[in-house]
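# Close look at the chain arrangement
Spelled out from the first residue to the last, the chains are:
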Amino acid sequence: MERRSFLKKAGAGAAAGSIAAPALAQAQPTITWRLASSFPKSLDTIFGAAEVMSKRVAAITGGKFTIRPYAGGEIVPALQVMDAVQAGTVEMGHTASYYYFGKDPTFAFDCAVPFGLNSRQQTAWIEQGGGKQLMREFFKDYGIMNFVGGNTGTQMGGWFRKEVKTVQDLNGLKMRIGGFAGRVMQKLGLVPQQIAGGDIYPALEKGTIDAAEWVGPYDDEKLGFNKVAPYYYSPGWWEAGPQLSFYVGIKEWEKLPKEYQAALEAACYEAHVMMQAEYDARNPAALARLLKAGVKLQSFSKEIMDACYKAANEVMDEEAAKNAKFKKIYEPWKRFRLDENQWFSVAEAPIQNYMIGRRA
Ligand code: CA
């Protein structure tokens, strides 16, 4: 009896062993995901981030975990990526969280809010300043886990058919600008318009709108706005460092082997770094070409900036007063912004300004 039991155990052990060895070598399942992007392929730096991420995930996992990116509108409407991940229509998305401002303005902290953080500060807040914990708690209600997915750096203030020098000049101006910035500008009499990227040029050309903001020199040049609105304003104070995000359905994330989770997270970081590097490397040459083509580069006047800053604070405070989720993030975020700007004023800004002065 004892011997039989021993043999049985040994047999069982041997059998388990003979299965376990090859199983370890090829233990990982083949998984295929679909990623819905909010962006067209023409925005190669932004759409490209999803490609950078998916190629790296495939490389790390020996081709076992593949994620196929689809451009905005291909399988999901561009501005419904969040809804699609939430519903499980796709496992993953790549989007700008402030697109969902209409559902809850709290989303915007994951991307950009007026007079918010620059690209470096945004990453610092998300990764080391408590931002990730706060945003993930917020996203949990939507069944989504958010990961950093790139940044454009400070955007431009947009293209204007005529000069704007005073706050009065903004009154009645029709501008393609959305979300938070639109609400702020409304306080100053501007009429915000929501227009998809491809429809901006004809609207500016016909004069249906007086101004439009898009991204910055590298992306704006492709759409040719300079031909119909020659005044190019800086800075886009509503997008000091807008962050793109990868969304993963929490249920899908939990089904992934730990190794795939690690691969996906690392690949998101890679895409995040690469996008900012691409914009920083490509914008100068694009701006030089635009200036050569006759673009009139302008800065918003101090009067306009101050009025916008005041209006932005009012809009943010109004939202905090009626939205507990917003307030929970806004308060610590404001303290972080103050600390960051004080620190950046000590070393970053002086060396940057000195070098700009030397034109080196
Ligand atoms: Ca923009």
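Residues numbered from 1 in each chain as written. Predicted model: local features only at pLDDT ≥ 70, side-chain atom pairs only at ≥ 80, totals over all residues. Heavy atoms only, no water.

## Quick notes on helix α12 (residues 302-322)
To keep it simple, the criterion reads: Under the DSSP-based scheme used, a helix requires at least four consecutive residues in state H or I and a strand at least two consecutive residues in state E, with every element numbered from the N terminus. Helix span, expected: 1.5 Å multiplied by one less than the number of residues in the helix. Here's how the labels work: a residue is buried when its accessible area is under 20% of the maximum for its type, exposed when over 50%, partly exposed in between, all with a 1.4 Å probe on protein chains only.
Compared with an ideal rise of 1.5 Å per residue, which puts 21 residues at 30 Å, α12 spans 31 Å between its outermost C-alpha atoms and is within 8% of the ideal. For α12, the complete set of buried residues consists of I304, A307, C308, A311, A312, V315, M316, E319 and A320.

## Some details on the sheet that holds strand β4 (residues 144-151)
Put simply, the test is: By the convention used here, strands pair only if DSSP detects at least 2 bridges between them. All axes are obtained by fitting lines to C-alpha atoms, using only the stretch in contact for helices, and the reported angles, taken between N-to-C directions, cover 0 to 180 degrees. When checking whether two residues touch, look at their non-hydrogen atoms; a contact exists if any pair is within 4.5 Å.
Ordered in space as β2-β1-β3-β10-β4, the five strands form an open sheet in which the pairing is mixed. The sheet is open, and its two borders are formed by β2 (65-70) and β4, each paired with just one other strand. Between one strand axis and the next, the sheet turns through 25° on average, direction left out of account. Pairing geometry for strand β1 (residues 31-37) and β2, over six bridges, is parallel. By the bridge assignment for β2, T32 is matched with T66. Most of the contacts of helix α2 (residues 44-60) go to β2, to which it runs at about 165°, and overall it touches β1, β2, β3 (92-95), β4 and β10 (243-249).

## Observations regarding the environment of A311
Locating A311 in the fold gives a position in helix α12. Remark: the alpha-carbon pair of A311 and M185, spanning 126 residues in sequence, is separated by 7.7 Å. If we skip the residues at most four places from it in the chain, A311 touches V184, K187 and L188.

## With respect to the environment of I304
Within the secondary structure, I304 is located in helix α12. In sequence terms I304 and T166 are 138 residues apart; their C-alpha atoms lie 6.0 Å from each other.

## A word on the coordination of the calcium ion
Filter applied, for reference: Here a donor is an N, O or S atom found within 2.8 Å of the metal, or within 3.2 Å if the metal is Na, K or Ca; sites may look incomplete because water is not among the atoms.
The protein atoms that coordinate the calcium ion are Q155 (OE1), E213 (OE), E213 (OE), W214 (O), E239 (OE) and E239 (OE), at distances of 2.3 to 3.2 Å. All donors of the calcium ion belong to a single chain; written as a sequence motif, their spacing is Q-x57-E-W-x24-E. Of this pair, E213 sits in the loop between β8 (211-212) and α9 (217-223) while E239 sits in the loop between β9 (231-234) and β10, and the two are 26 residues apart along the sequence. Note on accessibility: E213 and E239 belong to one class, buried.

## Looking at a nonpolar patch on the surface
Note the following rule: Here, patches come from residues exposed beyond 30% relative accessible area and free of salt bridges, joined within 9 Å for like charges and within 5 Å for nonpolar side chains (Val, Leu, Ile, Met, Phe, Trp, Tyr). With residues, only the protein chains shown are counted as cover, and all accessible areas are computed by Shrake-Rupley using a 1.4 Å probe. Note on definitions: salt bridges are taken to be side-chain nitrogens of Lys or Arg within 4 Å of carboxyl oxygens of Asp or Glu.
A contiguous nonpolar patch, built from I351, Y354 and M355 and spanning about 290 Å² of accessible area, is present on the exposed surface. Within the secondary structure, I351 is located in helix α14 (residues 348-358).

Function cannot be read off these values alone, since they describe shape.
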